[in-house]
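Chain residues, written in single-letter form:
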Amino acid sequence: MTAPSGIPNGIPAEINIGLMGLGVVGTGVAATLLRENSHLSDLIGRAVKLKKVLVRDLSRPRDIDLPAGLLTANAEDILADPDIHILVEVMGGTDPAEAYLKQGLSAGKHVVTANKEVMAKSGPELLALARANGVNLLFEASVGGGIPIVGCLMNELAANDVRSIRSIINGTTNYILTAMAHQHTSFEQALSEAQERGYAEADPTNDIEGIDAAYKLTILASLAYRSTFQPGDVYCEGISKLEPQDFQYAQELGFAIKSLAIANLVDGAVQLRVYPALLPAEHMLAKVDGVYNAVEIDGSLCGQVLFHGMGAGREPTTSAVVGDLIEAARKMGGPSVLPLELPNGSGIPVRPIDDLMSRYYIRLGVADHPGVLAQIAQVLGDGQISIASVLQKDVHPETESAEIVITTHPAREASVQKALQIITELPQVRRVSNTLRIEE
Ligand SMILES: NC(=O)c1ccc[n+]([C@@H]2O[C@H](COP(=O)([O-])OP(=O)(O)OC[C@H]3O[C@@H](n4cnc5c(N)ncnc54)[C@H](OP(=O)(O)O)[C@@H]3O)[C@@H](O)[C@H]2O)c1
């Protein structure tokens, strides 16, 4: 094919797209490619065409009318077609998505993916494969849906030494926590409402246990610290142990509770963690409610920058995927411009959670007897943990029990966990109801 004037030889005049997946995101991408075709072609400078769409079940009713002949259930119709130049993977999961991505890159196709799990687990390997084949691999939609955070870490913020990333990157958990804070509902009620509204899946484990956020934090931290982290490097706690009282007491103390994904640099090592934490109510992240996501970057040059927006959903995710597609198409014919040499990164070590220095919120059920608090204070003191405040709540005369909420000054995680083990065994202590870290 001869390229029209202005287009170097060797670059196709028409760029063909193979779309893998026609679900929530794929339908948005296909609709945009069909509806906005001439606009996209203008932006790219070449005609762009959706050539094949891979699904699992050809008989399933679809939200979109595709031109005849586009749909296939055979991945080879895309992977083995040399005229498909860009592969867009929005299937999800690792199997067979990862194998398809590898096959596509090896065949010299540029790849756009929204797949956080594959990018978190195998991103460095896939980026190396892309580089070896002289193609681009773009994954903006893998973190934060419509929030352009991946590209910013790769490009606009690349001059910074990133001191910390603090983020709310799972809309499902943020929706549940917002309902628990504002409507005073239990965790179970809030989860079932999220499921009814389509914000939580039938099996919500990945979201509520922090696994999804850990995938996304792995990607952000690998980019920010130019290193190769794995999801297993992220200390992870879910939100299912939170109770309405925690929100009530947090509010009384001037805090909100948010599930945070945090990466920060401490003495040359990175600490990576996902857990529900108390944040001062006036902090910007404390005000991020519902299914919204936000990412705060603290960089050596830019200072604190906050990204806020829709972290999931058809349109926001389509925005990220099609944005990557435009970028991949514009860069075709040039060198592969992969952001980072992740496999040869600086290899920053990961600091274990035991080394974390944090303030803590501890809620205990105790016998309503004199001297209990003194015993608890003694154990904390022995562990070098200094108390910042104590609230005695909800005395129940009939059971002679009370609830105590203690906040501490900064202390070492390992010391706090050891002290809590001793406190749990004190005869007057009925239960340690919850322990949460306090982010300043
Ligand atoms: N949904 C969001 O808001 C969102 C946001 C950010 C990132 N993402 C990421 O985007 C990706 C897609 O998410 P989604 O919500 O669009 O998923 P989805 O609604 O479940 O759609 C998945 C699509 O992939 C197809 N598919 C799955 N396995 C297949 C296989 N083995 N062979 C052929 N086709 C297969 C399915 O075909 P059938 O239709 O025939 O079943 C379906 O069309 C995931 O990696 C997800 O993490 C999603």
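Residues numbered from 1 in each chain as written. Predicted model: local features only at pLDDT ≥ 70, side-chain atom pairs only at ≥ 80, totals over all residues. Heavy atoms only, no water.

Draft legend 1. Geometry of the overall build of the protein. Of the regular secondary structure elements, the protein holds 14 helices and 17 strands. At 25 Å, the protein has a C-alpha radius of gyration in line with the 22 Å of a compact globule built from 440 residues. If one aligns the C-alpha atoms of the protein with their principal axes, the spans along those axes are about 90 × 45 × 35 Å. The proportion of buried residues among the 440 residues of the protein is 54%. Contacts spanning at least 24 positions in sequence make up 73% of the contacts within the protein whose residues lie at least 6 apart. Summed over all atoms, the accessible surface of the protein reaches about 18400 Å², with 51% contributed by carbon and sulfur. Looking at the protein, you have 34 positive and 52 negative side-chain charges, and the mean spots of the two groups are 4 Å apart. (Helix = DSSP H or I, 4+ residues; strand = E, 2+ residues; numbered from the N terminus. Rg over C-alpha atoms; globule rule 2.2 N^0.38 Å. Buried < 20%, exposed > 50% of the residue type's maximum accessible area, 1.4 Å probe, protein only. Contact = heavy atoms within 4.5 Å. Areas by Shrake-Rupley, 256 points an atom, 1.4 Å probe, with all protein chains shown as cover. Lys, Arg positive; Asp, Glu negative; His and termini not counted. Charge placed at Lys NZ, Arg CZ, Asp CG, Glu CD.)

Draft legend 2. Main features of the side chain of N16. Looking at the secondary structure, you find N16 in strand 1 (residues 14–20). When sequence neighbours within four positions are dropped, the list of residues in contact with N16 reads K49, K51, D83, I84, H85 and I86.

Draft legend 3. Summary view of the packing of helix 13 (residues 372–382) against helix 14 (residues 413–424). Two elements in contact, helix 13 and helix 14, have axes separated by 9 Å at closest approach and are oriented at 150°. Between helix 13 and helix 14, the angle falls in the class roughly antiparallel. Remark: the crossing between helix 13 and helix 14 carries right-handed chirality. In contact with I376, V379 and L380 of helix 13, helix 14 contributes A419, I422 and I423. Its residues placed into classes, the contact of helix 13 with helix 14 shows six nonpolar, no polar and no charged. (Axes fitted to C-alpha atoms, helices over the stretch in contact; angles between N-to-C directions. Parallel < 35°, antiparallel > 145°, perpendicular 65-115°, else oblique. Left-handed = near helix turned anticlockwise from the far one by under 90°. Nonpolar A, V, L, I, M, F, W, Y, C, P; charged D, E, K, R; others polar.)

Draft legend 4. Layout of the packing of aromatic side chains. In this structure the tally under the stated criterion is one aromatic pair. With centroids separated by 4.9 Å and ring planes inclined at 55°, the aromatic side chains of Y175 and Y199 adopt a geometry described as tilted. Of the two residues, Y175 sits in helix 7 (residues 171–183) while Y199 sits in the loop between helix 8 (187–196) and helix 9 (205–208), which places them 24 residues apart along the sequence. We note R437 situated over the ring of Y275; from NZ or CZ to the ring centre the distance is 4.5 Å. (Phe/Tyr/Trp six-rings, centres within 6.5 Å; stacked < 30°, edge-to-face > 60°. Lys NZ or Arg CZ within 6 Å of the ring centre and 35° of its normal.)

Draft legend 5. Layout of the domain arrangement of the protein. Domain annotation for the protein reports domain 1 (14–146 + 315–344), domain 2 (150–310) and domain 3 (355–438). When each unit is reduced to the centre of its C-alpha atoms, the spacing between domain 2 and domain 3 is 26 Å. Contact with domain 2, which involves 18 residues of that partner, is made by 17 residues of domain 3. A combined buried area of about 1600 Å² lies between domain 2 and domain 3, and 53% of that area is made up of carbon and sulfur atoms. Taken as a group, Y249, L253 and L278 account for 36% of the area that domain 2 buries against domain 3, more than any other trio of residues on that side. Put simply, domain 2 and domain 3 have five salt bridges between them. A salt bridge links R437 to E237; its shortest N-O distance comes to 3.1 Å. At the junction of domain 2 and domain 3, the tally comes to ten residue pairs in polar contact (both at pLDDT 80 or more). (Domains from an automatic or database assignment. Buried area = accessible area lost by both parts, 1.4 Å probe. Salt bridge = Lys/Arg side-chain N within 4 Å of Asp/Glu carboxyl O. Polar contact = N/O pair within 3.5 Å; in protein donor to acceptor, adjacent residues only side chain to side chain.)

Draft legend 6. Local environment of the pairing of strand 11 (residues 292–299). Burial analysis of strand 11 places seven of its eight residues in the buried class, which makes it a mostly covered element. When strand 7 (residues 162–168) meets strand 11, the two strands line up antiparallel, connected through six bridges. The residue bridging S164 from the neighbouring strand is D298, located in strand 11. Here eight bridges tie strand 11 to strand 12 (residues 303–310), and the two strands are oriented antiparallel to one another. Bridging across to strand 12, V295 finds its partner in F307. Here strand 11 hands over to strand 12 after three residues, the two strands then running antiparallel side by side. (Pairing = 2+ DSSP bridges.)

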